[in-house]
Amino acid sequence: MAITRSDVEKVSLLARLQFSDSELDRLTGELAQIVEYVDHLSEVPTEGIEPMAHAVEVHNVFVSDEVMPSLPRDKALANAPRHNDRAFLVPPVLG
Amino acid sequence: MSSHSSLIESSATAQLELLMRGDLFSVELTQAYLDSIASRDANVGAFLRVEKDRALAQAASVDKRRQSNKPLGKLAGLPVAVKDVLCDQDTITTCASRMLENFRAPYDSTVVAKLKAADAILIGRTNMDEFAMGGSTENSAFQITRNPWDLERAPGGSSGGAAACVAADMAPLSIGTDTGGSIRQPAGLCGVVGLKPTYGRVSRFGLVAFASSLDQVGPLARTSQDAALLLETIAGHDLRDATSLDRPVPAYSQSVAEPLAGVRIGLVREHFAEGLDSEVASAVRDAVAVYESLGATVKEISLPHSKHAVATYYVIAPCEASSNLARYDGVHYGHRTDEAEMLEELAAERKALEAAKDEVGLSRLDSSLVRMYRKSRSEGFGAEVKRRIMLGTYALSAGYYDAYYLKALKVRRLIRQDFDEAFREVDLIAGPVTAQTAFKIGEMVDDPLSMYLVDLYTVSANLAGIPGISLPCGFDKSGLPIGLQLLAPPLEEERLLRGAHMYEQATDWHQRRPEI
């Protein structure tokens, strides 16, 4: 599956990234080369093989439902680029 | 000066004995390392930040408590460097990224909390590839780290600062992380010991996530004895990491000196194929001969799916990274683009599209929030991080999930099954850490795929979740270190450390020092 410049443009929106025209050209070439390399996986027979999501099978992990200290609001806001001491502030979403 | 340099050249274990006997003050030891950093790190660039004042205050506190016979932690007074990817409460944690340049961690990672509880001296934060993505430390947004054995060469990565600071005697112990070889590869290229534990052996809580099913924290040190000491301090179950393993932690530093009698060592046929440098191959074969002289039996084995490991890794790791790094949105923490400028730019674009009556263009124009995300992320992340986010987003996007991610997860199981099969016949697998010794700085920055292939011998252990160790086993004709990698079944770190230690007892590679 060859990756095209328009694929890269679409993916850049999904990834919430933005690239200049020259960056898009460069990325298209680099990603095409990497995708071509990983495409070799399609040749490996995997019928009946269960996907392995984690390296060590850990089954349901339960913890008791106890109230524990959580991050206080001032600490949670401390690294925010913009806040009003109560909430994170973002640019206008509508309009 | 000579006593000073012999102090920092002695092992962490020896230093700890002196501290415990009261023959050495932590303030002296910490100062000796701070002096070493002051004289060497301008050339090496291993540290992003040196925590001088805090380190000396911690050291003074340890000395005071020792003098008044108060209880002390197991590393009391020993300096430890920490890769800048593990949260340390109220101090900067950057992941070598502009995105987190001013981020102060609101809490301690479990590993840092354990080091503090052990009364280790947190001497500084080491450089790395941005968000641990890379194998040369050149992807740091802030500085280049140089290989102490040849300052024109890279230390490897992503834990390049972690390996270089130990190699140059700027810290006796250091903490790295390994997602595809990021502890073992720089350890190999810098001539130190580096261990990647079994997935789940060490808590990932407070470790800034790269690829969550592969990331592990581990020790780098001069010797396997020292690595054992650090591993037993940081390992263990943690309720705040649901993937951490609820198994007792062996006293690695107590058992490390017991040789493995009659150990069965496997040599992987596929590891000695084309691309392996002949000097590296012969150093590894010589190391195996040393094991034979110590009573080991050697058997050739095959890991038939190992040839797919790099491709599998470069699907799984970017997919997980693209998801993990979605959190950097310029809202909760991290870099945000200049809002006024962004809104102005967007208004100008809208005006131009309206003038051109471009309805399609207008319908596709970003909302201000989306544009804020896109610009913040594009300014905050470096090229390699963006490349991997793009690769992962592509592989996970509609229509490709089955072909890439799901397929890679199936091949991952086949890779693991190869190891399970092999470990029925052998106790340890020995081989090279990398195909070549340290490469020149800048040599591979424009060729991402070649850089990815450097991970050939290390990624399988992450995919399979098994532990691996890298230890010095020789030098090439240019005087660059060569690493030997040992792999063991899950939770057999003890076997790895004992195996490494018996080799160290028979050789002196680990005692060589670079001239800086």
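Everything that follows concerns the structure shown earlier in this document.
Residues numbered from 1 in each chain as written. Chains lettered and ligands numbered in written order. Predicted model: local features only at pLDDT ≥ 70, side-chain atom pairs only at ≥ 80, totals over all residues. Heavy atoms only, no water.

Draft legend 1. Representation of the packing of aromatic side chains. Residue and element names in this part refer to chain B. This structure, assessed with the given rule, holds 16 aromatic pairs over all chains. Relative to Trp-509, the ring of Phe-475 has its centre 6.1 Å away and its plane inclined at 50°; by these criteria the two rings are tilted. Linking Phe-475 in strand E10 (residues 468-475) with Trp-509 in the segment after helix H19 (493-506), this pair joins segments that are 34 residues apart in sequence. For Trp-509, a relative accessible area of 23% puts it in the partly exposed group. Each member of the aromatic cluster is reached from another via a ring pair, and the members are Phe-103, Phe-131, Tyr-328, Tyr-333 and Phe-381. Lying over the aromatic face of Phe-272, Arg-285 brings its terminal NZ or CZ to 4.2 Å of the ring centre. (Phe/Tyr/Trp six-rings, centres within 6.5 Å; stacked < 30°, edge-to-face > 60°. Helix = DSSP H or I, 4+ residues; strand = E, 2+ residues; numbered from the N terminus. Buried < 20%, exposed > 50% of the residue type's maximum accessible area, 1.4 Å probe, protein only. Lys NZ or Arg CZ within 6 Å of the ring centre and 35° of its normal.)

Draft legend 2. Spotlight on the interface of chain B and chain A. Across the contact, 72 residues belong to chain B and 52 residues belong to chain A. Around 5,600 Å² of area is buried between chain B and chain A when both sides are counted, 68% of it from carbon and sulfur atoms. Remark: the boundary between chain B and chain A carries three salt bridges. As a salt-bridge pair, Glu30(A) and Arg387(B) come within 2.8 Å of each other at their nearest N and O atoms. There are 18 residue pairs in polar contact (both at pLDDT 80 or more) connecting chain B and chain A. Considering every element that reaches the side of chain B that touches chain A, the biggest residue donor is helix H16 (residues 402-422) of chain B, with twelve residues. Of the residues in the side of chain B that touches chain A, the class split is 37 nonpolar, 17 polar and 18 charged. (Contact = heavy atoms within 4.5 Å. Buried area = accessible area lost by both parts, 1.4 Å probe. Salt bridge = Lys/Arg side-chain N within 4 Å of Asp/Glu carboxyl O. Polar contact = N/O pair within 3.5 Å; in protein donor to acceptor, adjacent residues only side chain to side chain. Nonpolar A, V, L, I, M, F, W, Y, C, P; charged D, E, K, R; others polar.)

Draft legend 3. Structural context of the sheet that holds strand E4 (residues 173-178) of chain B. Residue and element names in this part refer to chain B. Sheet architecture is open: eleven strands sit in the order E1-E3-E2-E4-E6-E5-E10-E11-E9-E7-E8, paired in mixed fashion. Only two strands of the sheet have a single neighbouring strand rather than two, namely strand E1 (47-50) and strand E8 (297-301). Averaged over all neighbouring strand pairs, the angle between strand axes comes to 30°, with direction disregarded. Pairing between E1 and strand E3 (residues 121-126): three bridges, direction antiparallel. The partner of Arg-49 across the bridge, within E3, is Arg-125. Seen against the sheet, H19 touches strand E5 (193-196), strand E9 (428-432), E10 and strand E11 (481-487) and runs at an angle of roughly 15° to E10. (Pairing = 2+ DSSP bridges. Axes fitted to C-alpha atoms, helices over the stretch in contact; angles between N-to-C directions.)

Draft legend 4. Geometry of the pattern of salt bridges. Taken as a whole and judged by the stated rule, the model has 37 salt bridges over all chains. Put simply, Arg82(A) and Glu339(B) hold a salt bridge, and the shortest N to O gap is 2.8 Å. One end of the pair, Arg82(A), is in the segment after helix H3 (73-77); the other, Glu339(B), is in helix H12 (residues 339-355), on a second chain. According to the relative accessible area criterion, Arg82(A) is partly exposed, its value standing at 33%. For Arg184(B), the salt bridge identified is with Asp178(B), shortest N-O distance 2.9 Å. A relative accessible area of 0% places Arg184(B) in the buried class. A relative accessible area of 0% means that Asp178(B) is categorised as buried. In the salt-bridge network here, residues are joined through shared partners; they are Glu345(B), Glu349(B), Asp366(B), Arg371(B), Arg374(B) and Lys375(B).

By themselves, these figures tell us nothing about what the structure is for.
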